[in-house]
Amino acid sequence: YSFDIHTHSIASGHGTTCTISDMAKAVSRKGLKLLGITDHGPGTLAAGTSSYFRSLTYGEKRFGIELLFGVELNILDIDGHLDLKIELLGELDYAIASMHAQNYKSGTIEENTSAYLNAMTHPCVKVRDIVTNPAFPVDYETLGSRCQR
């Protein structure tokens, strides 16, 4: 099953000018079957607003591609607080929790690991995004063992 579940449309305000339809058409040509749109949460500059996430159409197919709608959330603090309200998160297919410099002040390995672990307890967070960014050192062994549960 060929898929990509971490993509950004023009709504994320960086990296692409593609609409969701543009993206579905492109992945259809490449033979993918599923596309997950995970625009950045409102804590990221020029990203999806609450009204954007509220207006997504669920259970949709475009160009023969099954679409899932999610969000790349910003982890805001060591307690794992996230930047989109629970009532909106509950409507999305899934959520990815990430650290970005404009929203999270990096701490020690233990603090950053705790922030991820705390964010992972949120019932809507289905994917943990750990970029091997030296700005956010984490204990990969601890995180990996928690993800296997």
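Just so you know, these numbers come straight off a predicted model, no measurement behind them.

(A) Structural context of unusual backbone geometry. For A46, which is not glycine, the phi torsion reads 55 degrees and is therefore positive. Considering the arrangement of structural elements, one finds A46 in the loop between β2 (34-40) and α2 (50-54). The exposure class of A46 is exposed, given its relative accessible area of 57%. Positive phi, close to 55 degrees, is recorded for F63, a residue that is not glycine. The residue F63 is located in the loop between β3 (61-62) and β4 (65-74) in this model.

(B) Region of the structure containing the nonpolar core. Counting 34 residues, the largest nonpolar core has V71, L73, I75, L84, L89 and L92 as its most contacted members. Of all elements in the fold, only α1 (20-29), β2, α2, β4, α3 (86-89), β5 (94-98) and α4 (109-120) reach the threshold of two or more residues within this core. Here the element with the most residues in this core is β4; it accounts for five residues. Excluding residues that lie within four positions of it along the chain, L84 makes contacts with P42, S50, F53, V71, L73, L89 and L92.

(C) A negative patch on the surface, seen in detail. On the surface, a cluster of negative charge is contributed by E110, E111, D139 and E141. Looking at the secondary structure, you find D139 in the loop between β6 (125-128) and α5 (140-147). Its relative accessible area of 31% is what places D139 among the partly exposed residues.

(D) Molecular detail of the packing of aromatic side chains. For the structure on display, the rule yields two aromatic pairs. When the ring of Y52 is compared with that of F53, the centres are 5.0 Å apart and the planes differ by 75 degrees; the resulting orientation is edge-to-face. Ring plane angle 50 degrees and centroid distance 6.2 Å describe the contact between Y104 and F136, whose orientation is recorded as tilted. One end of the pair, Y104, is in the loop between β5 and α4; the other, F136, is in the loop between β6 and α5, with 32 residues separating them in the sequence.

(E) Seen up close, the environment of H122. Locating H122 in the fold gives a position in the loop between α4 and β6. A C-alpha to C-alpha distance of 9.3 Å links H122 and I86, two positions 36 residues apart in sequence.

(F) Molecular detail of the pattern of salt bridges. Tallied over the entire structure, the rule returns one salt bridge. With a shortest N-O distance of 2.6 Å, R62 and E60 are connected by a salt bridge.

(G) Quick look at the environment of R146. Position of R146 among the secondary structure elements: in helix α5. Of the residues examined, R146 reaches a relative accessible area of 38% and is grouped as partly exposed. Taking C-alpha positions, R146 is 9.1 Å from M120, a pair spaced 26 residues apart along the chain. With near-sequence residues (within four places) excluded, R146 lies in contact with L117 and M120.

(H) A look at the packing of α4 against α5. Orientation of α4 relative to α5, taken along the N-to-C sense of each, is 10 degrees, at an axis distance of 10 Å. With respect to α5, the element α4 is oriented roughly parallel. Where α4 crosses over α5, the two elements pack in a sense that is right-handed. Where α4 approaches α5, its residues T113, Y116, L117 and M120 are matched on the opposing element by T142, L143, R146 and C147.

Reading the values: the criteria
- Residues numbered from 1 in each chain as written.
- Predicted model: local features only at pLDDT ≥ 70, side-chain atom pairs only at ≥ 80, totals over all residues.
- Heavy atoms only, no water.
- Helix = DSSP H or I, 4+ residues; strand = E, 2+ residues; numbered from the N terminus.
- Buried < 20%, exposed > 50% of the residue type's maximum accessible area, 1.4 Å probe, protein only.
- Core = buried A, V, L, I, M, F, W, Y, C linked by side-chain atoms within 4.5 Å.
- Contact = heavy atoms within 4.5 Å.
- Patch = residues over 30% accessible without salt bridge, like charges linked within 9 Å, V, L, I, M, F, W, Y side chains within 5 Å.
- Areas by Shrake-Rupley, 256 points an atom, 1.4 Å probe, with all protein chains shown as cover.
- Salt bridge = Lys/Arg side-chain N within 4 Å of Asp/Glu carboxyl O.
- Lys, Arg positive; Asp, Glu negative; His and termini not counted.
- Charge placed at Lys NZ, Arg CZ, Asp CG, Glu CD.
- Phe/Tyr/Trp six-rings, centres within 6.5 Å; stacked < 30°, edge-to-face > 60°.
- Axes fitted to C-alpha atoms, helices over the stretch in contact; angles between N-to-C directions.
- Parallel < 35°, antiparallel > 145°, perpendicular 65-115°, else oblique.
- Left-handed = near helix turned anticlockwise from the far one by under 90°.

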